[in-house]
Amino acid sequence: LKETTRATMGDADFKGLMAREMTERGPVLAVFDNEPANLNAMRPAMTDARFFLLDTDHSPNPPTLEMDVHVVTDFRAERKSLANALAITPSFSAGDWEIEVVLGETA
């Protein structure tokens, strides 16, 4: 969430800045977003991460993605595909990680 001091920043600029700050805390394995512009903004700071485009809704006329992404339309239906996509990510496959998709009920 944006603090008041950054409220005037556009989403892509803010997410690019936060991506740099996040990588100072440790490696980022995966990035999920529904906006191609946000994924593009985060990519320079997270070059080893696997990028996922949530194919829900996004701004009109989105930019071309600057990296390969795995498109996700339904987490429940794509659990195995997500796990396979993450398994080829060097930092993910080097650790003792596994992915579990748990979906809660919505009101």
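Residues numbered from 1 in each chain as written. Predicted model: local features only at pLDDT ≥ 70, side-chain atom pairs only at ≥ 80, totals over all residues. Heavy atoms only, no water.

### Brief notes about the overall build of the chain
- A tally of regular secondary structure across the chain gives four helices and three strands.
- When its helices and strands are written in sequence order, the chain yields α-β-α-β-β-α-α.
- Taking all contacts inside the chain whose residues are at least 6 apart in sequence as the whole, residues at least 24 apart take part in 35%.
- For the chain, the accessible area works out to roughly 7300 Å², and carbon and sulfur atoms hold 50% of it. (Helix = DSSP H or I, 4+ residues; strand = E, 2+ residues; numbered from the N terminus. Contact = heavy atoms within 4.5 Å. Areas by Shrake-Rupley, 256 points an atom, 1.4 Å probe, with all protein chains shown as cover.)

### Focus: the confidence of the model for the chain
- Per-residue confidence for the chain averages 80 on the pLDDT scale, and 80% of its residues sit at or above 70.
- When mean pLDDT is compared element by element in the chain, helix 2 (residues 36–42) scores highest at 95, while helix 4 (residues 90–93) scores lowest at 61. (pLDDT = per-residue confidence, 0-100.)

### Side note on the nonpolar core
- Residues Ala19, Val28, Val31, Leu39, Met42, Met46, Ala49, Phe51, Leu53 and Met67 constitute the largest nonpolar core, which totals 10 residues.
- Of all the elements in the fold, those that place two or more residues in this core are helix 2 and strand 2 (50–54).
- Apart from residues no more than four positions distant in its own chain, Ala19 is found in contact with Met42, Ala45 and Met46.
- Judged by nonpolar contacts, the second largest core, of six residues, contains Phe52, Leu54, Val72 and Ala85. (Core = buried A, V, L, I, M, F, W, Y, C linked by side-chain atoms within 4.5 Å. Buried < 20%, exposed > 50% of the residue type's maximum accessible area, 1.4 Å probe, protein only.)

### What to know about the pattern of salt bridges
- According to the stated counting rule, one finds two salt bridges in the structure shown.
- The salt bridge involving Arg6 is made with Glu21; its shortest N-O contact spans 3.2 Å. One end of the pair, Arg6, is in the segment before helix 1 (11–23); the other, Glu21, is in helix 1, with 15 residues separating them in the sequence.
- Residues Asp33 and Lys15 are paired through a salt bridge, measuring 2.6 Å at the closest nitrogen-oxygen approach. A residue pair is termed long-range when its members are at least 10 positions apart, and Asp33 in strand 1 (residues 30–33) and Lys15 in helix 1 qualify at 18 residues. (Salt bridge = Lys/Arg side-chain N within 4 Å of Asp/Glu carboxyl O.)

### Looking at unusual backbone geometry
- For Asn61, which is not glycine, the phi torsion reads 55° and is therefore positive.
- Note that Asn61 resides in the loop between strand 2 and strand 3 (70–72).

### Remarks on the environment of Asn61
- On the accessibility criterion, Asn61 (76% relative accessible area) is exposed.
- Separated by 25 residues in the primary sequence, Asn61 and Pro36 place their C-alpha atoms 10.0 Å from one another.

### Comments concerning the pairing of strand 1
- Side-chain alternation along strand 1 places Val31 and Asp33 on a buried face and Ala30 and Phe32 on a face that remains uncovered.
- As defined by bridge partners, strand 1 adjoins strand 2 across four bridges and the pair is classed as parallel. Opposite Val31, over in strand 2, you have Phe51 as the bridge partner.
- In this fold, strand 1 hands off to helix 2, which returns the chain to strand 2; that crossover is right-handed. (Pairing = 2+ DSSP bridges. Right-handed = clockwise from strand over helix to strand, strands pointing away.)

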